[in-house]
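# Report on the structure
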Amino acid sequence: MTLVRYEPWQLLKQFSNDVNRQLLDEREDSASSIATWTPAVDIKEEEDRFVVSADIPGVDPKEIEVSMKDGVLTVKGERTQESKEEKDGYRRVERISGSFYRRFVLPDTTDADNISANYNKGVLELVVPKKPLAKPKRIDVKSSDS
C-alpha cells in the first residue's frame, strides 16, 4: 500500500502559480505573435538535469536571449538574412529570417540559478539542473527521565 501525503496548501500554491503564469502569458503574447519562425526543440530529462536542444542554425549567438522567470524558460532571438546580389542566374532563398520565440514551463524542482547555455554548430543547448532532493533526516529523541 502506498501512502500519499496530503498537503492542502500545495493546492493553493499551485493555483497561485497557474494564475501568475496565465498573467505572464498575456503580457508576453505580443512577443510570440511577432515571431516569424519557431525553432525545433528536443527536451531530455536526465536524473539530475533537463537538457533542451534548439535548432537555430544561422543565428548569431549574440542575438539569442535566454531567460528564466517564475518557472518559465524563454528563448528568443533573431536570424538576419544576408543580402547577396546575383546578376547572372536565379536565386532561391529557403532559409527563414526574422525573430523566433519559445517558452517552456519547468517544474519547481529546477535550479534556475545554475542554468547554462552553449551554442555549437547551429544548436543551442540549455542545461537546466535539478535541485537536490531533500532527504529525510533522522532526529534522535532524547529522554529527560534520568
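Here is a short report on the structure shown in this document. All values derive from a computational prediction rather than experimental measurement. (Residues numbered from 1 in each chain as written. Predicted model: local features only at pLDDT ≥ 70, side-chain atom pairs only at ≥ 80, totals over all residues. Heavy atoms only, no water.)

## What about the overall build of the chain?
- Scanning the chain from N- to C-terminus turns up 1 helix and 7 strands.
- Along the chain, helices (α) and strands (β) appear in the sequence α-β-β-β-β-β-β-β when read from the amino end.
- In the chain, which comprises 146 residues, the share counted as buried stands at 23%.
- If you take every contact in the chain between residues at least 6 apart in sequence, the share linking residues at least 24 apart comes to 59%. (Helix = DSSP H or I, 4+ residues; strand = E, 2+ residues; numbered from the N terminus. Buried < 20%, exposed > 50% of the residue type's maximum accessible area, 1.4 Å probe, protein only. Contact = heavy atoms within 4.5 Å.)

## Some words on the packing of aromatic side chains
- Under the counting rule described, the total for this entry stands at 1 aromatic pair.
- Ring geometry for Trp 37 versus Phe 100: centroids 5.0 Å apart, planes at 55 degrees, classification tilted. Note that Trp 37 is positioned in the loop between α1 (8-33) and β1 (41-45) and Phe 100 in strand β5 (residues 98-105), a separation of 63 residues in sequence. The same class applies to Trp 37 as to Phe 100, namely buried.
- The ring of Trp 37 is capped by Arg 79, whose NZ or CZ atom sits 4.0 Å from the centre of that ring.
- Here the basic side chain of Lys 130 rests over the ring of Phe 50, its NZ or CZ set 5.0 Å away from the ring centre. (Phe/Tyr/Trp six-rings, centres within 6.5 Å; stacked < 30°, edge-to-face > 60°. Lys NZ or Arg CZ within 6 Å of the ring centre and 35° of its normal.)

## Brief notes about the side chain of Lys 130
- Secondary-structure assignment places Lys 130 in the segment after β7 (123-129).
- For Lys 130, the side chain forms a polar contact with the side chain of Glu 45, separated by 2.6 Å.
- Among the polar contacts listed, one links the side chain of Lys 130 to the backbone oxygen of Glu 46, at a separation of 3.0 Å.
- In this structure, Lys 130 is in contact with Glu 45, Glu 46, Glu 47, Asp 48, Arg 49, Phe 50, Thr 109, Thr 110 and Asp 111, ignoring residues within four places of it in sequence. (Polar contact = N/O pair within 3.5 Å; in protein donor to acceptor, adjacent residues only side chain to side chain.)

## Digging into the nonpolar core
- Ile 56, Ile 64, Leu 73, Phe 100 and Leu 124 are the most contacted members of the largest nonpolar core, which totals 15 residues.
- Those elements that provide at least two residues to this core are β2 (49-55), β4 (72-79), β5 and β7. (Core = buried A, V, L, I, M, F, W, Y, C linked by side-chain atoms within 4.5 Å.)

Just distances and angles here, no functional claims.
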